[in-house]
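These are the residues of each chain, in order.
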Amino acid sequence: MTDMPTTDPLAKHGGDDVDVPHRPGDRGSAEPKRRKPRDRALVMVYTGQGKGKSTAAFGMLLRAWARRYRCGVFQFVKSGKWKVGEAKAAAALGGIDWEKMGDGWSWLSRDLDESADLAREGWAEVKRAIAEERYEFLLLDEITYPIKWGWIDAAEVVETLRTRPGFQHVVITGRDAAPELIELADLVTEVTKVKHPMDQGIRAQQGIEW
């Protein structure tokens with residue numbers, strides 16, 4: 001019996017002159033040919049009252065990491081004291097920068113001025129990262145809240161994202177996304193609540209909420 005010819009399953013994704021992210025020996029961001037001509041840097045927004053906005057964004061983060069994008073996460077509500085499951089997973093994977101810029105649930109904060117300062121400090125670092133083209137995939141988790149509360153200027157966020165250099169995907173999560181962000185975004189998904197365990201008195205739990 002003649003053996004069936006074997007082919008590299010990765011080869012179908014590009015010719016010899018195209019080094020796509022998931023090919024063995026890929027040099028990551030040092031290899032510009034890894035992106036195809038159709039690729040465009042996107043601004044993506046996950047908003048709405050339902051649960052799952054950050055979860056969806058973290059799923060996309062994993063996809064970007066698997067394609068060897070330079071990945072960064074800035075969380076604007078959860079503080080460094082929070083033992084977030086996704087952050088633990090990212091640390092185990094390696095190669096994902098993760099910053100927690102909040103002080104916990106900011107709407108319960110005893111010092112809102114400090115919370116606002118932390119949010120502005122986080123945004124200043126995001127602007128530096130964007131200017132330096134530090135990441136190809138940047139997740140701004142729950143940044144909609146400090147924007148809504150007036151701690152971060154929505155117009156400044158829009159202009160920074162609109163004029164960002166190079167190739168940088170940006171994902172934004174959180175309820176009540178500003179209309180300016182929705183107008184700018186290439187993708188907007190609104191997560192609608194139908195049911196939630198808390199409606200039954202079931203408290204948040206590890207592995208589900210964090």
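S.K.: Could you clarify how one ought to interpret the overall build of the protein chain in this entry?
M.R.: In terms of regular secondary structure, the protein chain is built from six helices and six strands. Residues classed as buried in the protein chain amount to 41% of the 210 residues present. If you take every contact in the protein chain between residues at least 6 apart in sequence, the share linking residues at least 24 apart comes to 72%. Accessible surface, the protein chain as shown: approximately 12300 Å² in total, 52% of it carbon and sulfur.

S.K.: What exactly am I supposed to notice about the pairing of strand 2 (residues 71-75) here?
M.R.: A regular strand places its side chains on the two faces of the sheet in alternate fashion. Most of strand 2 is tucked away: five of the five residues are buried. Residues C71, V73 and Q75 of strand 2 are buried on one face, and the alternating residues G72 and F74, pointing to the opposite face, are buried as well. With five bridges connecting them, strand 2 and strand 3 (residues 96-100) associate as parallel partners. By the bridge assignment, C71 is partnered in strand 3 with I96. Inspection of the sheet shows strand 2 paired to strand 4 (residues 137-141) by five bridges, in the parallel sense. Note on strand 4: the bridge partner recorded for Q75 is D141.

S.K.: Please explain the sheet that holds strand 2 as it appears in this structure.
M.R.: Where strands meet in a sheet, backbone hydrogen bonds hold them as pairs that are either parallel or antiparallel. With respect to topology, six strands assemble into an open sheet ordered 3-2-4-5-1-6, the strand pairing being parallel. The open sheet has two free edges, formed respectively by strand 3 and strand 6 (187-190), since each of these has just one partner strand. Ignoring which end each strand starts from, the neighbouring axes of this sheet average 10° apart. Packed onto the sheet, helix 1 (residues 53-66) meets strand 1 (43-47), strand 2, strand 3, strand 4 and strand 5 (169-173) and runs at close to 165° relative to strand 4.

S.K.: Would you take a moment to explain the packing of aromatic side chains for this structure?
M.R.: How two aromatic rings sit relative to each other is given by the distance of their centres and the angle of their planes. Scanning the model with the defined rule gives four aromatic pairs in all. Ring pairing ties together the aromatic residues Y145, W149 and W151, which thus form one cluster.

S.K.: Help me out: how do you make sense of the pattern of salt bridges in this one?
M.R.: Side chains that differ in charge, positive against negative, can pair when their charged atoms come close. Applying the stated criterion to the full structure yields nine salt bridges. Measuring nitrogen to oxygen at the nearest pair gives 3.7 Å for the salt bridge that ties R70 to E136. Taken together, the positions of R70 in the loop between helix 1 and strand 2 and E136 in the loop between helix 3 (112-131) and strand 4 put the pair 66 residues apart, joining distant regions of the chain. Look at E136 and you get buried, because its relative accessible area is 3%. We note a salt bridge from R162 to E159, for which the minimum N-O separation is 2.7 Å. Highlighted residues: R162 and E159, both in helix 5 (residues 154-162), separated by three residues, approximately one helical turn. Owing to a relative accessible area of 37%, E159 belongs among the partly exposed residues under this scheme.

S.K.: Looking at this structure, I do not really get unusual backbone geometry. What am I missing?
M.R.: It is generally the case that most residues other than glycine have a negative phi and that most peptide bonds are trans. Unlike most non-glycine residues, R68 shows phi in positive territory, near 65°. Inspection of the secondary structure puts R68 in the loop between helix 1 and strand 2. For R68, a relative accessible area of 41% corresponds to the partly exposed category. In this model, E133 sits at a positive phi of 55°, which is unusual for a non-glycine residue. Inspection of the secondary structure puts E133 in the loop between helix 3 and strand 4. The class for E133 is partly exposed, based on a relative accessible area of 34%.

S.K.: Hey, could you run me through the confidence of the model for the protein chain in this one?
M.R.: Caution applies to low-pLDDT parts of the model: their predicted coordinates are not meant to be read in detail. Residues of the protein chain with pLDDT of at least 70 account for 74%, and the chain-wide mean is 80. pLDDT under 50 marks residues 1-22. Its contacts with residues more than four places away, or in other chains, come to 27 contacts. Overall, residues 104-109 carries pLDDT values under 50, and its contacts beyond four positions in sequence, including any with other chains, amount to 18 contacts.

Reading guide: rules and limits
Residues numbered from 1 in each chain as written. Predicted model: local features only at pLDDT ≥ 70, side-chain atom pairs only at ≥ 80, totals over all residues. Heavy atoms only, no water. Helix = DSSP H or I, 4+ residues; strand = E, 2+ residues; numbered from the N terminus. Buried < 20%, exposed > 50% of the residue type's maximum accessible area, 1.4 Å probe, protein only. Contact = heavy atoms within 4.5 Å. Areas by Shrake-Rupley, 256 points an atom, 1.4 Å probe, with all protein chains shown as cover. Pairing = 2+ DSSP bridges. Axes fitted to C-alpha atoms, helices over the stretch in contact; angles between N-to-C directions. Phe/Tyr/Trp six-rings, centres within 6.5 Å; stacked < 30°, edge-to-face > 60°. Salt bridge = Lys/Arg side-chain N within 4 Å of Asp/Glu carboxyl O. pLDDT = per-residue confidence, 0-100.

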